[in-house]
Amino acid sequence: MRKAMRVLDLAAAVMARAGIALEIKGRRAAGVAGVASPDDLVREHFATRSLLSHGNFKSMQEAISALGGRPSWIVETGSSAWGPDSSRLFDSYVATFGGRFWSVDLRLEPMLKLRKYMSKSSSMSCDDSVRFLKRWVDKYSSHRVDLVYLDSFDLDISDPMPAAIHALKEFLAIAPALRDGSLLLVDDTPASGDWSPAPFRESAAEFQATHGIVPGKGMLIDLWLKGRPGVAKIGYLAQVLYKF
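Conventions adopted
- Residues numbered from 1 in each chain as written.
- Predicted model: local features only at pLDDT ≥ 70, side-chain atom pairs only at ≥ 80, totals over all residues.
- Heavy atoms only, no water.
- Helix = DSSP H or I, 4+ residues; strand = E, 2+ residues; numbered from the N terminus.
- Buried < 20%, exposed > 50% of the residue type's maximum accessible area, 1.4 Å probe, protein only.
- Contact = heavy atoms within 4.5 Å.
- Areas by Shrake-Rupley, 256 points an atom, 1.4 Å probe, with all protein chains shown as cover.
- Lys, Arg positive; Asp, Glu negative; His and termini not counted.
- Charge placed at Lys NZ, Arg CZ, Asp CG, Glu CD.
- Salt bridge = Lys/Arg side-chain N within 4 Å of Asp/Glu carboxyl O.
- Axes fitted to C-alpha atoms, helices over the stretch in contact; angles between N-to-C directions.
- Parallel < 35°, antiparallel > 145°, perpendicular 65-115°, else oblique.
- Nonpolar A, V, L, I, M, F, W, Y, C, P; charged D, E, K, R; others polar.
- Phe/Tyr/Trp six-rings, centres within 6.5 Å; stacked < 30°, edge-to-face > 60°.
- Pairing = 2+ DSSP bridges.
- Core = buried A, V, L, I, M, F, W, Y, C linked by side-chain atoms within 4.5 Å.

A. How the structure looks around the overall build of the protein chain. Assigned secondary structure in the protein chain consists of nine helices and eight strands. Each of the three principal axes of the protein chain carries a C-alpha extent, and together these read 50 × 40 × 35 Å. Expressed as a percentage of its 244 residues, the buried residues of the protein chain come to 48%. Residue pairs in contact within the protein chain that sit at least 24 positions apart in sequence constitute 76% of those at least 6 positions apart. As displayed, the protein chain offers around 11600 Å² of accessible surface, 55% of which is attributable to carbon and sulfur atoms. Between the mean site of the 31 positive side-chain charges and the mean site of the 27 negative ones, the protein chain shows a separation of 7 Å.

And the structure:
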């Protein structure tokens, strides 16, 4: 089964790089019953699908709470069917409070795992994330995105530049849709080496000592946004959260 999935992932990645994207839409109708607030939604999600002790719990709670229970447009790169299960969290938000959710991943596996859980307010694509975001901006040029979550490239703490460069490309692609009130959440961007996963803290300390910056997926985005008027860093632990 795993071998077959790897073959499907490879085929989907080849198609995506050739510009042939796959897309599915959710079918589930209902939101999360008995949820009175975004905070309750996040707590319920992590309690049942992940762990309340997960390192991303606080930053995701901050991001979802900042949406204020309003109908929101959410875009995610790096579909997640494990760990914090972010794709299902964002889908639950739009299914409960209104809005739309798009998620993109170069792998086919997350789409296949998640499709039966997604609501009618959500779409999942197997595509190159940078190209997907550029197309998204072209298609919805008059619309602001309320929350963008960047998590599509695995971070190697000892060699963070490939992930950081990819995240910067994603940010630049979606930047025209980040307008007054938009939120940007970037995964794997620790505020200090202490927020790096325990097995990688030594590598993080070595990189910081050499380059003067904490290694992370969003480290180049952080340099790009530093000092920019109208952009505030409102959360910074294991992930970094900005408000525009």
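B. Highlighting the side chain of E170. Within the fold, E170 resides in helix α7 (residues 161–174). No salt bridge forms around the buried E170; measuring N to O, its nearest opposite-charge neighbour K217 is 7.5 Å away. If we ignore the near neighbours within four places in the chain, the residues touching E170 are T77, S129, V130, L133, L150 and S152.

C. Structural view of the pattern of salt bridges. A full pass over the atoms with the stated rule returns eleven salt bridges. A salt bridge links R28 to D91, with the shortest nitrogen-to-oxygen separation between them at 2.4 Å. In this pair, R28 sits in the loop between β1 (22–25) and α2 (38–49) while D91 sits in helix α4 (residues 86–97), placing the two residues 63 residues apart along the sequence. For the salt bridge of R135 with D127, the shortest nitrogen-to-oxygen distance reads 3.7 Å. Note on R135: relative accessible area 41%, which makes it partly exposed. Within the structure, one salt-bridge network assembled from shared partners comprises D127, R131 and R135.

D. Layout of the packing of helix α6 (residues 129–139) against α7. Axis separation between α6 and α7 bottoms out at 8 Å; the angle between their running directions is 10 degrees. In terms of orientation, α6 and α7 fall into the roughly parallel class. On the side of α6, the interface is formed by S129, V130, L133, K134, W136 and V137, while α7 contributes H166, K169, E170, A173 and I174. Broken down by class, the residue content of the contact of α6 with α7 amounts to six nonpolar, two polar and three charged.

E. Region of the structure containing the packing of aromatic side chains. Across all of its chains, the model carries ten aromatic pairs by this definition. Arranged with centres 6.0 Å apart and planes meeting at 80 degrees, the rings of W73 and W136 form a pair that is edge-to-face. Placement of the pair is W73 in strand β2 (residues 72–77) and W136 in helix α6, with a sequence separation of 63 residues. Given a relative accessible area of 15%, W73 falls into the buried group. You can call W136 buried: its relative accessible area is 3%. Ring geometry for W102 versus Y140: centroids 5.3 Å apart, planes at 55 degrees, classification tilted.

F. View of the sheet that holds β1. The mixed open sheet is built from eight strands, whose spatial order is β1-β4-β3-β2-β5-β6-β8-β7. Only two strands of the sheet have a single partner each, and these edge strands are β1 and β7 (232–236). Across the sheet, the mean angle separating the axes of adjacent strands is 15 degrees when strand polarity is ignored. Here β7 runs beside strand β8 (residues 240–243); their pairing, made up of four bridges, is antiparallel. From the neighbouring strand, Y236 faces β8, where its bridge partner is V240. Against the sheet, helix α3 (residues 57–66) engages β5 (147–150), β6 (183–186), β7 and β8, with an angle of about 165 degrees to β6.

G. Spatial organisation of the nonpolar core. Core analysis: the biggest nonpolar cluster contains 31 residues, and W136, V145, F171, I174, L184 and I221 have the highest contact counts within it. Taken together, the elements giving at least two residues each to this core come down to β2, β3 (99–105), α6, β5, α7, β6, α9 (219–225) and β8. Sorting elements by how many residues they give to this core places α7 first, with six residues. Every residue in contact with L184, bar those within four places of it in the chain, is listed here: V148, L150, F171, I221, L225, V240, L241, Y242 and F244. If you look at the next biggest cluster of nonpolar residues, it comprises 28 residues, including I74, Y93, L114 and L147.

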